[in-house]
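Given next are the chains, with one letter for each unit.
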Amino acid sequence: MRIAFVGGGHMTTSLVGGLLRRGTTAGSLRVSDPVPAQLERLARDFGVRGTGDNREAIADADLVVLAVKPQDMASAARGISRELCGRRRVVVSIAAGIRLADLARWIGEGIPTVRAMPNRPALIGAGITALYAGDGVSKDDRDAVDALMSAVGETVWLDQESQMDVVTAVSGSGPAYFFLLVEALESAGMAHGLPQETARRLAVATALGAGRMAAESGVAPAILREQVTSKGGTTAAALEVLEEKAVRAIFHHAVEAATRRSAQLAVEFGGK
Ligand SMILES: NC(=O)c1ccc[n+]([C@@H]2O[C@H](COP(=O)([O-])OP(=O)(O)OC[C@H]3O[C@@H](n4cnc5c(N)ncnc54)[C@H](OP(=O)(O)O)[C@@H]3O)[C@@H](O)[C@H]2O)c1
């Protein structure tokens, strides 16, 4: 399977690194980017061939990954439409907020296309990517795209493209919510007498430990919470305040706002 990446930035770098660690050969990967320094870095770090010409990069690819910023997608996609209508190949767009219908207008109808929404921790191989397959995407195509995105973390398939907006609000923007939580815990620790370094280490390690338990224990988060909350104890005192301050409603509104913004951005980007 030959894979071409259009756009050689952060996400492509993570995907290339992840694929090579899983045994893909550098010779089966190509990257195009207008910035020579990006291509030199990818060649130096991974031995991957690069070019400034998107059409040349995708010429012999079986899988084409569109990894440019959403605002650059219309022109990048239009620029390779002629090559894409040649032989059959699968296109994956990882751009936030770009709908398959808009992509089809730019690259041409009838090309099997998958929309992917990774998140920031993909940069360290700990991401989660939501995927949605458009018409004409076969089981083999899905498996190939799943293997690609699994190189940087977990994958989950959606059955409706409209779910991408809420995915963006939950896992796309989600890392920022957890950073905020760590920040808040750190400053609360400092306000009550801990040195900053100690408060940060406690907050970060607690986030990591709780995240790993939620991921690895196979136990629902609500049960894990109950297991660490003894009646009349310290955790119960803190949780009572959080519930009183309506922390669940705050998250509900936050996700609602991000979902709405994602849908607005899709209209803005797609209108090009
Ligand atoms: N990074 C994340 O955490 C994350 C998470 C979820 C989704 N995504 C999505 O992944 C995509 C890539 O993100 P990124 O963080 O990797 O962006 P990035 O680091 O900015 O990389 C994009 C690269 O594409 C290049 N480029 C621009 N126009 C191009 C064109 N017409 N043809 C070929 N290359 C072109 C850019 O060059 P210039 O610098 O010269 O513009 C840049 O080097 C975005 O659409 C983003 O929505 C990213």
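Quick caveat: nothing in here was measured; it's all calculated off a predicted structure.

Caption draft 1: Structural view of the overall build of the chain. If you tally the helices and strands in the chain, you get 13 helices and eight strands. When its C-alpha atoms are laid out on the principal axes, the chain stretches across 70 × 40 × 30 Å. Surface exposure of the chain reaches about 15,000 Å², of which carbon and sulfur atoms provide 58%. Of note, the chain has its 30 positive side-chain charges centred 3 Å away from the centre of its 30 negative side-chain charges.

Caption draft 2: Expanded view of unusual backbone geometry. Look at A246: it is not a glycine, yet its phi comes out positive at around 60°. Its location among the elements puts A246 in the loop between α12 (234–244) and α13 (247–270). The exposure class of A246 is partly exposed, given its relative accessible area of 33%.

Caption draft 3: Region of the structure containing the site of the ligand. The local shell around the ligand holds 23 residues, among which H10, M11, D33, Q38 and V68 are the closest. N54 is positioned such that a nitrogen or oxygen atom in its side chain is 2.9 Å from a nitrogen atom of the ligand. At 3.1 Å, a backbone N or O of A96 approaches an oxygen atom of the ligand. Against a free-state accessible area of 880 Å², the protein chains account for coverage of 80% of the ligand. Those elements that place two or more of their residues in the shell around the ligand are α1 (10–21) and α4 (70–79). No other element matches the three residues that α4 contributes to the shell around the ligand.

Caption draft 4: Structural view of the pattern of salt bridges. Overall, the coordinates contain 14 salt bridges when judged by the stated rule. Measuring nitrogen to oxygen at the nearest pair gives 2.9 Å for the salt bridge that ties E243 to R248. Take R248: its relative accessible area is 52%, and that puts it in the exposed class. Between E268 and R261 there is a salt bridge, and its shortest N-O distance comes to 3.6 Å.

Caption draft 5: Looking closely at the domain arrangement of the chain. By domain assignment, the chain separates into domain 1 (3–164) and domain 2 (172–265). Between domain 1 and domain 2, the C-alpha centre-to-centre distance is 33 Å.

Caption draft 6: Focus on the sheet that holds strand β2 (residues 29–32). What the eight strands build is an open sheet, ordered β3-β2-β1-β4-β5-β6-β7-β8; its pairing is mixed. Of all strands in the sheet, those bounded by a partner on one side alone are β3 (49–51) and β8 (153–157). Between one strand axis and the next, the sheet turns by 25° as a mean value, whatever way the strands run. Direction of pairing for strand β5 (residues 90–93) relative to strand β6 (residues 113–117): parallel, over a ladder of three bridges. By the bridge assignment for β6, S93 is matched with R115. Here helix α8 (residues 163–172) sits on the sheet and contacts β6 and β7 (127–133); the angle it forms with β6, its principal contact strand, is near 35°.

Caption draft 7: The arrangement of helix α6 (residues 100–107) in detail. Where burial is concerned, most of α6 is hidden: six out of the eight residues are buried. A positive phi of about 115° marks G108, the residue just after α6.

What counts, and where the lines are drawn
- Residues numbered from 1 in each chain as written.
- Predicted model: local features only at pLDDT ≥ 70, side-chain atom pairs only at ≥ 80, totals over all residues.
- Heavy atoms only, no water.
- Helix = DSSP H or I, 4+ residues; strand = E, 2+ residues; numbered from the N terminus.
- Areas by Shrake-Rupley, 256 points an atom, 1.4 Å probe, with all protein chains shown as cover.
- Lys, Arg positive; Asp, Glu negative; His and termini not counted.
- Charge placed at Lys NZ, Arg CZ, Asp CG, Glu CD.
- Buried < 20%, exposed > 50% of the residue type's maximum accessible area, 1.4 Å probe, protein only.
- Near = heavy atom within 4 Å.
- Polar contact = N/O pair within 3.5 Å; in protein donor to acceptor, adjacent residues only side chain to side chain.
- Salt bridge = Lys/Arg side-chain N within 4 Å of Asp/Glu carboxyl O.
- Domains from an automatic or database assignment.
- Pairing = 2+ DSSP bridges.
- Axes fitted to C-alpha atoms, helices over the stretch in contact; angles between N-to-C directions.
- Contact = heavy atoms within 4.5 Å.

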